[in-house]
Amino acid sequence: MHIGLVIAKIVTMALGFIIAFQAYRGYRRSNSQSLLYLAIGFAIISFGAIIEGILFDVVGLTFHNAGTVATAIVAIGMLTILYALYGRDPQKVEE
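All of these numbers come straight from a predicted model, not from anything done at the bench. (Residues numbered from 1 in each chain as written. Predicted model: local features only at pLDDT ≥ 70, side-chain atom pairs only at ≥ 80, totals over all residues. Heavy atoms only, no water.)

**Points about helix H1 (residues 3–30)**
And step 1. Taking 1.5 Å of rise per residue, the 28 residues of H1 would be expected to cover 40 Å, and the 40 Å separating its terminal C-alpha atoms lies within 8% of that figure.
And step 2. Those residues of H1 that fall on the buried side of the exposure criterion are Gly 16, Ala 20, Ala 23, Gly 26 and Tyr 27.
And step 3. Contacts made by the buried residues of H1 are with helix H2 (33–59).
And step 4. Of the residues flanking the end of H1, it is Asn 31, one or two places downstream, whose phi is positive at about 60 degrees. (Helix = DSSP H or I, 4+ residues; strand = E, 2+ residues; numbered from the N terminus. Expected span 1.5 Å × (residues − 1). Buried < 20%, exposed > 50% of the residue type's maximum accessible area, 1.4 Å probe, protein only. Contact = heavy atoms within 4.5 Å.)

Structure (structure tokens):
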């Protein structure tokens, strides 16, 4: 794998985990489940950013299969974020 691509993937992963951490902190302060799902979604997407290279280089999957798995993981993270944005927050419903 090219060093530039590895650096870009690591930076992308780090930024995603920073966003996830900040969303989690927001959840802890406000107890809003939406922020918890947002944090989980960004963590999943961040993991998806690096898993393709790991599956291809370390595990030995074909590029196509590694890409398919990585895309599925990112899609799950996006669905989680979508739920955070459009799902019902029990705390808000009770108010």
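**Description of helix H3 (residues 63–86)**
And step 1. Taking 1.5 Å per residue, 24 residues should reach 34 Å; H3 reaches 34 Å between its end C-alpha atoms and fits that length.
And step 2. Within H3, the full set of buried residues consists of Ala 66, Gly 67, Ala 70, Ile 73, Gly 77, Thr 80, Ile 81 and Ala 84.

**Structural notes on the confidence of the model for the chain**
And step 1. This prediction gives the chain a mean pLDDT of 90; 92% of its residues lie at or above 70.
And step 2. When pLDDT is averaged over each element of the chain, H3 comes out on top at 95 and helix H4 (residues 90–94) at the bottom at 60. (pLDDT = per-residue confidence, 0-100.)

**Examining the nonpolar core**
And step 1. By size, the foremost hydrophobic cluster in this structure holds five residues: Ile 51, Leu 55, Ala 66, Ala 70 and Ile 73.
And step 2. Mapped by element, the contributors of at least two residues to this core are H2 and H3. (Core = buried A, V, L, I, M, F, W, Y, C linked by side-chain atoms within 4.5 Å.)

**Examining the side chain of Glu 52**
And step 1. Tracing the sequence through the fold places Glu 52 in helix H2.
And step 2. Of the side chains with opposite charge, Lys 9 comes closest to the buried, unpaired Glu 52, at an N-O distance of 4.0 Å.
And step 3. Other than its neighbours up to four places away in sequence, Glu 52 contacts Lys 9, Phe 63, Ala 66, Gly 67 and Ala 70. (Lys, Arg positive; Asp, Glu negative; His and termini not counted. Salt bridge = Lys/Arg side-chain N within 4 Å of Asp/Glu carboxyl O.)

**A short note on the packing of H2 against H3**
And step 1. Packing of H2 against H3 leaves a shortest axis separation of 7 Å and a crossing angle of 175 degrees. By the angle class used here, H2 and H3 are roughly antiparallel.
And step 2. Partitioning the contact of H2 with H3 into residue classes produces 21 nonpolar, six polar and one charged. (Axes fitted to C-alpha atoms, helices over the stretch in contact; angles between N-to-C directions. Parallel < 35°, antiparallel > 145°, perpendicular 65-115°, else oblique. Nonpolar A, V, L, I, M, F, W, Y, C, P; charged D, E, K, R; others polar.)

**Some words on the packing of aromatic side chains**
And step 1. Inspection of the entire model under this criterion finds three aromatic pairs.
And step 2. Each ring, one from Tyr 37 and one from Tyr 83, has its centre 4.9 Å from the other, and the planes form 85 degrees; the classification is edge-to-face. Placement of Tyr 37 in helix H2 and of Tyr 83 in helix H3 is noted, with a sequence separation of 46 residues between them.
And step 3. We classify Tyr 37 as partly exposed; its relative accessible area is 28%.
And step 4. Tyr 83 gets classed as partly exposed once you look at its relative accessible area, which sits at 42%.
And step 5. Centre to centre, the rings of Phe 56 and Phe 63 are 5.8 Å apart; their planes meet at 85 degrees, and the pair counts as edge-to-face. (Phe/Tyr/Trp six-rings, centres within 6.5 Å; stacked < 30°, edge-to-face > 60°.)

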